Amino acid sequence: MTTALVTGATAGIGAAFARRLASDGHNLVLVARNEKKLREHAAELHDRHGIEAGVLVADLATEEGIAAVEERLSDRRHPVDLLVNNAGFGNKGEFLEVPMADELTMLKVHCEAVLRLTSAAVKGMRERRRGGVVNVASVAAFVPRGTYGASKAWVVQFTQGAARDLAGSGVRLMALCPGFVRTEFHERAGMGTDNIPGWMWLDADNLVDAAMKDLARGRSLSIPDPRYKALMGVVKLAPRNLLGGVTSRTGRKYGPQ
Ligand SMILES: NC(=O)c1ccc[n+]([C@@H]2O[C@H](COP(=O)([O-])OP(=O)(O)OC[C@H]3O[C@@H](n4cnc5c(N)ncnc54)[C@H](OP(=O)(O)O)[C@@H]3O)[C@@H](O)[C@H]2O)c1
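Residues numbered from 1 in each chain as written. Predicted model: local features only at pLDDT ≥ 70, side-chain atom pairs only at ≥ 80, totals over all residues.

For the chain, the name recorded in an unreviewed UniProt entry is SDR family NAD(P)-dependent oxidoreductase, with Streptomyces ochraceiscleroticus as its organism. Its UniProt record gives the chain the following Sequence similarities (unreviewed entry) comment, quoted word for word: "Belongs to the short-chain dehydrogenases/reductases (SDR) family." (UniProt positions renumbered as here; feature names shortened; annotations may be inferred.)

A. Spatial organisation of the nonpolar core. Within the largest apolar cluster, 71 residues are counted, with the highest numbers of intra-cluster contacts made by V6, A18, L28, L30, V31, L83 and A121. It is helix α4 (residues 100–128) that contributes the most residues to this core, 9 residues altogether. Not counting residues within four places of it along the chain, the set of residues in contact with A18 comprises V6, A9, L28, L30, H41 and L45. (Core = buried A, V, L, I, M, F, W, Y, C linked by C-beta atoms within 7 Å. Buried ≥ 20, exposed ≤ 12 C-beta atoms within 10 Å, placed from the backbone. Helix = DSSP H or I, 4+ residues; strand = E, 2+ residues; numbered from the N terminus. Contact = placed C-beta atoms within 7 Å.)

B. Just the sheet that holds strand β1 (residues 3–7), in detail. Strand order in the open sheet formed by 7 strands is β3-β2-β1-β4-β5-β6-β10, with parallel pairing between adjacent strands. Either end of the sheet is taken by a strand with one partner, and the two such strands are β3 (53–57) and β10 (221–222). Of the pairings in the sheet, the one linking β1 to strand β4 (residues 82–85) comprises 3 bridges and is parallel in character. Each residue of the ladder has a partner; that of V6, found in β4, is V84. Against the sheet, helix α2 (residues 35–49) makes contact with β2 (27–32) and β3, and its axis sits at roughly 170 degrees relative to β3, the strand it touches most. Its contacts with the sheet put helix α7 (residues 204–217) on β5 (131–136), β6 (171–176) and β10, and the angle it makes with β6 is roughly 145 degrees. (Pairing = 2+ DSSP bridges. Axes fitted to C-alpha atoms, helices over the stretch in contact; angles between N-to-C directions.)

C. Molecular detail of the environment of V234. Mapped onto the secondary structure, V234 falls in helix α8 (residues 226–237). We classify V234 as exposed; it has 9 C-beta atoms within 10 Å. A C-alpha to C-alpha distance of 24 Å links V234 and N135, two positions 99 residues apart in sequence.

D. Layout of the site of the ligand. In the region of the ligand, 29 residues are neighbours, and G8, G12, R33, N34 and G88 sit closest. Looking at the shell around the ligand, the elements that each hand over two or more residues are α1 (12–23), β7 (180–181) and α6 (185–188). (Near = placed C-beta within 6 Å.)

E. Structural view of the pairing of β2. Within β2, 6 of the 6 residues are buried, which leaves the element mostly enclosed by the surrounding structure. Side chains N27, V29 and V31 project from β2 onto one buried face, and the interleaved L28, L30 and A32 project onto a second face that is buried too. Pairing of β1 with β2, which is carried by 5 bridges, proceeds in the parallel orientation. Note on β2: the bridge partner recorded for A4 is L28.

F. Fine view of the packing of helix α3 (residues 63–73) against α4. Running from amino to carboxyl end, α3 crosses α4 at an angle of 20 degrees, the nearest separation of the two axes being 8 Å. When the axes of α3 and α4 are compared, the pair comes out roughly parallel. Here α3 runs over α4; the crossing is right-handed. Where α3 approaches α4, its residues I66, V69, E70 and L73 are matched on the opposing element by E112, A113, R116, L117, A120 and A121. Grouping the amino acids of the contact of α3 with α4 by side-chain chemistry returns 7 nonpolar, no polar and 3 charged. (Parallel < 35°, antiparallel > 145°, perpendicular 65-115°, else oblique. Left-handed = near helix turned anticlockwise from the far one by under 90°. Nonpolar A, V, L, I, M, F, W, Y, C, P; charged D, E, K, R; others polar.)

What follows is the structure in structure tokens.
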């Protein structure tokens, strides 16, 4: 039986990955900060699918939290075959409105944790000549959208570069770029969502199904859903200053819903 470790597994896309991987028969290690939610989710997945579901309480915005997950991923006696770096969040406000401490926390969770956890996991995977890493980025990686978009652009560049370096090693790395997904993300960030058109919303379980197909195909970049594939095609052609005006407003209306 194989084991998958999912960060940010208590809600949204991470919880959807955990459901999907459990139903595929993988044992799980679920990582997040909220211990109660982690334990409830692990018990539910164990009862429903008969898999082993362990929990690891860790705040990936802290040195101790990252180190604890690195240690689990480096444990050669209990190898992790699939890592999903999914934990993430949005900050409320535009550039200079967001406190510097929050900007730096975002870089820690979205970039430093992803770099360190990917490295810890891939070393063992390369020795075993098999394994996979899914790093959850965003379509915001392709448009000017503050530190959030910049951090996700880093995730895409890092993941595709590492995938290239590890080609032929038996280890697959893929950056997953969702569009808007109905999760706790926007509410947690204090973002209103009423200016996001209905057609732009994706379902987390469908997103994960599409991502798993792309991973099986060996893609290093996954943009699930034809609507977003088309939109990203347009984005490539649009002038960058026009793009910045539109994308910095969509989904960034802050305040009560
Ligand atoms: N929803 C969207 O529209 C959307 C679009 C594109 C990309 N994404 C990306 O998808 C990923 C998942 O987002 P989501 O929409 O599923 O958000 P969500 O519903 O708010 O879930 C976020 C998860 O991350 C965990 N988390 C947050 N900060 C953490 C930290 N410091 N340490 C450990 N765990 C932490 C949360 O658990 P605890 O609070 O228990 O720690 C939770 O399980 C993020 O990387 C996000 O940037 C989301």
